[in-house]
Amino acid sequence: MCRSIKTLRPPAIPEKATEEEVRAAALQYVRKVSGFRAPAAHNQEVFEAAVEAIAEATRDLLDGLQVRGAGAAVSADAATATA
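Predicted model only: the values in this text are computed from it and were never measured.

Q: Explain the packing of helix H1 (residues 19-34) against helix H2 (residues 44-64) to me, using residue names and the numbers behind them.
A: It is the contact of H1 with H2, at a shortest axis distance of 8 Å, that shows an interaxial angle of 125°. The pairing of H1 with H2 is recorded here as oblique in orientation. For the element pair H1 and H2, the recorded crossing hand is right-handed. In contact with Glu19, Val22, Arg23, Ala26, Leu27, Tyr29, Val30, Arg31 and Ser34 of H1, H2 contributes Phe47, Glu48, Ala50, Val51, Glu52, Ile54, Ala55, Thr58, Arg59 and Leu62. Grouping the amino acids of the contact of H1 with H2 by side-chain chemistry returns eleven nonpolar, two polar and six charged.

Q: Pulling in residues and values, what's your account of the pattern of salt bridges?
A: Any two side chains of opposite charge can pair, given that their charged atoms come close. Inspection of the entire model under this criterion finds five salt bridges. Its salt-bridge partner being Glu21, residue Lys6 comes within 3.1 Å of it at the nearest N-O pair. You can see Lys6 sitting in the segment before H1 and its partner Glu21 sitting in helix H1, a full 15 residues away along the chain. On the basis of relative accessible area, Glu21 is assigned to the partly exposed category, the value being 23%.

Q: Report on the nonpolar core, specifying residues and quantitative values.
A: Counting residues in each nonpolar core, the largest one holds eleven residues, listed as Ile5, Leu8, Ile13, Ala17, Val22, Ala25, Ala26, Val30, Phe47, Val51 and Ala55. Of all elements in the fold, only H1 and H2 reach the threshold of two or more residues within this core. Of all the elements, H1 adds the most residues to this core, at four residues. The residues contacting Val30, other than those within four sequence positions of it, are Gly35, Phe47, Ala50, Val51 and Ile54.

Calculation notes
- Residues numbered from 1 in each chain as written.
- Predicted model: local features only at pLDDT ≥ 70, side-chain atom pairs only at ≥ 80, totals over all residues.
- Heavy atoms only, no water.
- Axes fitted to C-alpha atoms, helices over the stretch in contact; angles between N-to-C directions.
- Helix = DSSP H or I, 4+ residues; strand = E, 2+ residues; numbered from the N terminus.
- Parallel < 35°, antiparallel > 145°, perpendicular 65-115°, else oblique.
- Left-handed = near helix turned anticlockwise from the far one by under 90°.
- Contact = heavy atoms within 4.5 Å.
- Nonpolar A, V, L, I, M, F, W, Y, C, P; charged D, E, K, R; others polar.
- Salt bridge = Lys/Arg side-chain N within 4 Å of Asp/Glu carboxyl O.
- Buried < 20%, exposed > 50% of the residue type's maximum accessible area, 1.4 Å probe, protein only.
- Core = buried A, V, L, I, M, F, W, Y, C linked by side-chain atoms within 4.5 Å.

So, in structure tokens, the structure goes:
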């Protein structure tokens, strides 16, 4: 796995991943898979399309994941904040 891609879901991060974090992870993934840090001009369009597709898939994944115990922790934090 690419070392600069970090886990983007709680509890690894305190809140929902930002668009910047999702895009950065997608960019790192595409760089790793393609072997290019920056694509040549003739590959720019397909490189950017891949980054966008990976970012969208990542958002879908993160939005669909159910983390065990996360709801209880969030509910407990909310109860403490309102008390």
